[in-house]
Number of protein chains: 2
Amino acid sequence: MSDYVIGVDVGGTNLRLALADMSGNIAAKWFASTVGMRDPEKVIRLILDGVKSVLSQVQASPSALRSIAIGVPGVTDVENGIVVATSYLMGWQNVPLRALVERELNIAATIDNDVNFAALGECWTGIARGVRDFVFLAIGTGIGAGIVLDGRLYRGSCWAAGEVGYMLVPGITDGLGKRNEPGPLENMIGGEGIRTQWQRRWSSERTSLPRDLNATEIFDHALNGDSGAQTILRQSATMLAQAIYNISLVLNCPLFVLGGSVGTHPELCVATKEILKQWDLRGTPQLNVSSLGADAQLQGAVRAALDLVDVDR
Amino acid sequence: MSDYVIGVDVGGTNLRLALADMSGNIAAKWFASTVGMRDPEKVIRLILDGVKSVLSQVQASPSALRSIAIGVPGVTDVENGIVVATSYLMGWQNVPLRALVERELNIAATIDNDVNFAALGECWTGIARGVRDFVFLAIGTGIGAGIVLDGRLYRGSCWAAGEVGYMLVPGITDGLGKRNEPGPLENMIGGEGIRTQWQRRWSSERTSLPRDLNATEIFDHALNGDSGAQTILRQSATMLAQAIYNISLVLNCPLFVLGGSVGTHPELCVATKEILKQWDLRGTPQLNVSSLGADAQLQGAVRAALDLVDVDR
């Protein structure tokens, strides 16, 4: 009978879970909605449901489980297994998630920031395979960076490295330094920010397009020639280029990987590259779209679960 | 007869040189002007003059020399001993400084960015003694950061980590991405930038103070209550706080050390701390003024020279 590990990605919308064999091949998947779910105990019960389901999909018993790794959208004390804080949507504070999960499952557990896991995933089987230094930049509702230096995740002294959704770039005038609210960069070029920019534009200008569009739909319309949508795309790409430029000035990393629902839109990547090329940065980084897409986090969680039981890469 | 090492700090105004014994005690010092000096051969001849002088000061022979470390104001390929580029004032491009010096002196040599050496100096005998993770932020004519992670200098993939004089923060509207000119942040809060801001203000407002003041004099007048000088100080502190905030978001380092002729002014540190405190940054870093002051670079160069011959710390 073969052994398995479990990777989990906890998001504000969905909880996704994968069962993988000891070579990292995904044997079964499961997901459930987390909309409006803030209570950690409920999230743990959801994880237990998922574990039960994937085990039954492959007809394995709980004793076949070796480890579990859980990615959460927030600042995570990896050493002590504590979720220090999640985004304003979930609002967790100092939740000892690892201990809670270990108690229920009786297997080795680890937790980390979801964007860190995404970086780990791209490093293992994605577009950053074999790259020793790169930044994974996730742009969805929020914005965060997973930083890999010398082949290892760099997490900072309070586990808050890469919290770049709060970055201050030209054009940002308010929302500075409010910790439990979206950061100023997120407010401009996160999914909700872009949506808001569009609605403002829509009210003042009137286009033939609907008022209610999400970021990727707006970028699609930009590609199809709508000038209002093109303005939003250009604004978003400019601010993203500024953020990448600033991060590059600090880290001088050769590669940025764009992930997340907004970040993986090809037009955003093209427009951002174009702007960065105009600026004469020493060692302008390569800019690529994530190759694992929405699976990056889960893939990284599986890798972290394998690392926990010392399975070679 | 005792052995010695040499540390050199090459600046746009002065070249400073120190002879130290194998315990790192400075036995002799020397300096000379480099104003208007752009030719690397001339700088090397100056270094040779200095070496001769410090040796004669302690009545030692050239055979007592073990190693030399030279800090330069620019991007430096430490592995190959090449100065990739210096600031616009010196304008060096790909100068094989290490080989040139080794040929003349026949001793082990190493070169590095001067701000990296300053960080090393603060780490060894200064205010960051024993600190594993911190950022040394030098603010003089230019602005640059020396980044220490896990007790070691972090230099980036093309030796350009910490080139934060080019950082884009709110209020910066032009000068983006021009590599061989001062960066936009330097233009605002570097020594020359602050001087220019003052002169602009002076022309439009007229104060009883002279038009020609340098940054530290302006900050002194701010402390003495001049409202125009206070405005310049507040503007400078705000932009500096924004830059520190952005670097912190990426690195999440617990300590920033302010160095350089402008950066060591106590009023700038006080005003910047005040602004940072108002923003709710996760893990707001401690902000301290360099304790080695103008000697930080030279001290770090001595340490690097000792490291070259494997002298324990």
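Parameters and conventions
- The written sequence of each chain sets the order in which its residues are numbered from 1.
- Chain A is the first chain written and ligand 1 is the first ligand written, with later ones labelled in order.
- Predicted model: local features are reported for residues with pLDDT of at least 70 only, side-chain atom pairs are reported and counted for 80 or more only, and whole-chain, interface and lining totals are derived from all residues.
- By convention in this description, side-chain values take in all heavy atoms of the structure and omit both hydrogens and water.
- Being paired, for any two strands, means DSSP has found at least two bridges between them.
- Comment: elements are numbered from the N terminus, with helices defined as DSSP H or I runs of at least four residues and strands as E runs of at least two.
- Comment: axis = line fitted to C-alpha atoms, over the contacting stretch for helices; angle = value between 0 and 180 degrees taken between N-to-C directions.
- Contacts between residues were defined by any pair of non-hydrogen atoms, one from each residue, lying within 4.5 Å.
- Once two parts are brought into contact, the accessible area they lose, counted with a 1.4 Å probe and summed over both, makes up the buried area.
- By convention in these notes, a salt bridge is any Lys or Arg side-chain nitrogen within 4 Å of a carboxyl oxygen on Asp or Glu.
- Any pair of N or O atoms that falls within 3.5 Å is considered a polar contact. Within protein, one atom must be able to donate a hydrogen and the other to accept it, and sequence-neighbouring residues count only if both atoms are side-chain atoms.
- The scheme is simple: roughly parallel for angles under 35 degrees, roughly antiparallel for over 145, roughly perpendicular for 65 to 115, oblique for anything else.
- Each crossing gets its hand from how the near helix is turned against the far one by less than a right angle, where anticlockwise is left-handed and clockwise is right-handed.
- Basically, the charged four are Asp, Glu, Lys and Arg, the nonpolar ten are Ala, Val, Leu, Ile, Met, Phe, Trp, Tyr, Cys and Pro, and anything else, Gly included, counts as polar.
- By this rule, a helix spans an expected 1.5 Å times one less than how many residues it contains.
- Using a 1.4 Å probe on the protein chains alone, a residue whose accessible area is under 20% of its type maximum counts as buried, one over 50% counts as exposed, and one in between counts as partly exposed.
- Each copy is superposed on the other by least squares, with the fit set by C-alpha atoms of residues at a pLDDT of at least 70 in both.
- Confidence scores labelled pLDDT are given residue by residue by the predictor and lie between 0 and 100.
- The term nonpolar core refers to a set of buried residues drawn from Ala, Val, Leu, Ile, Met, Phe, Trp, Tyr and Cys, joined through side-chain atoms within 4.5 Å.

Residues and elements named next belong to chain A. One open sheet holds the five strands; their spatial order is S3-S2-S1-S4-S8, and the pairing between them is mixed. The strands lining the two open edges of the sheet, one partner per strand, are strand S3 (26-33) and strand S8 (108-113). Strand-to-strand twist across the sheet, computed as the mean angle between neighbouring axes with direction ignored, equals 15°. Relative to S8, strand S4 (residues 65-72) runs parallel, the two being bridged by six bridges. If you follow isoleucine 70 over to S8, its bridge partner there is isoleucine 111. Packed on one face of the sheet, helix H2 (residues 97-105) meets S4 and S8 and runs near 150° to S8. Packed onto the sheet, helix H3 (residues 114-125) meets strand S1 (4-10), S4 and S8 and runs at close to 100° relative to S8.

What follows deals with the interface of chain A and chain B. Listed per partner, the contact involves 40 residues of chain A and 41 residues of chain B. Buried area between chain A and chain B, both sides added, is near 3,600 Å², and the carbon and sulfur share of it is 59%. In this structure, the connection of chain A to chain B is made through zero salt bridges. Counting the contacts that link chain A with chain B gives 18 residue pairs in polar contact (both at pLDDT 80 or more). Of the residues forming the side of chain A that touches chain B, the biggest block, seven residues, is contributed by helix H7 (residues 227-251) of chain A.

All names here are of chain A. Mapped onto the secondary structure, glutamine 297 falls in helix H10 (residues 296-308). Considered as a pair, glutamine 297 and arginine 16 are 281 residues apart in the sequence and their alpha carbons are 9.5 Å apart. In this view, glutamine 297 contacts Asp9, Arg16, Asp114, Phe117 and Ala118; residues no more than four positions away in its chain are not counted.

Let's shift gears to the packing of helix H6 (residues 215-223) of chain A against H7 of chain A. Residues and elements named next belong to chain A. It is the contact of H6 with H7, at a shortest axis distance of 8 Å, that shows an interaxial angle of 115°. Judged by the inter-axis angle, H6 sits roughly perpendicular to H7. Considering only the axes of H6 and H7, their crossing is left-handed. In contact with Ile218, Phe219, His221 and Ala222 of H6, H7 contributes Ala229, Gln230, Ile232, Leu233 and Ser236. Of the residues belonging to the contact of H6 with H7, the class tally is six nonpolar, three polar and no charged.

What follows deals with helix H5 (residues 191-205) of chain A. Residue and element names in this part refer to chain A. Here H5 is 15 residues long and its end C-alpha atoms lie 21 Å apart, about the 21 Å a rise of 1.5 Å per residue gives. Regarding H5, the residues found buried are Gly191, Gly193, Ile194, Gln197, Trp198, Gln199 and Trp202. Where H5 ends, the next residue or the one after it, arginine 206, has phi of about 60°, a positive value.

Below, the discussion takes up the relation of the copies chain A and chain B. For the pair chain A and chain B, the superposition axis carries a translation of 0.0 Å, the fit reaches an RMSD of 0.0 Å, and the rotation angle comes to 180°. The two molecules are tied by a two-fold rotation axis, judged by turn and shift. A symmetric contact is evident, with 100% of the interface residues of chain A recurring at the interface of chain B.

Residue and element names in this part refer to chain A. Tallied over the entire structure, the rule returns 18 salt bridges over all chains. The salt bridge partner of lysine 277 is glutamate 274, with a shortest N-O separation of 3.9 Å. Taken together, the positions of lysine 277 and glutamate 274, both in helix H9 (residues 266-278) and three residues apart, correspond to about one turn of that helix. Exposure remark for lysine 277: the relative accessible area of 62% places this residue in the exposed category. Close ionic contact of aspartate 307 with arginine 303 constitutes a salt bridge, the shortest N to O distance being 2.8 Å. One end of the pair is aspartate 307 and the other is arginine 303, both in helix H10 and four residues apart, which spans about a single turn.

Turning next to the confidence of the model for chain A. When pLDDT is averaged along chain A, the result is 93; 96% of the residues meet or exceed 70. Model confidence for the complex is summarised by a pTM of 0.95, with the ipTM given as 0.95.

When a protein is soluble and globular, its nonpolar side chains tend to lie buried together. Ranked by size, the top nonpolar core spans 104 residues in total, and within it Leu251 of chain A together with Leu251 of chain B carry the most contacts. Apart from the residues lying within four places of it in its own chain, the contact partners of leucine 251 of chain B are Tyr154, Gly156, Ala161, Val250 and Leu251 of chain A together with Val135, Ile147 and Leu149 of chain B.

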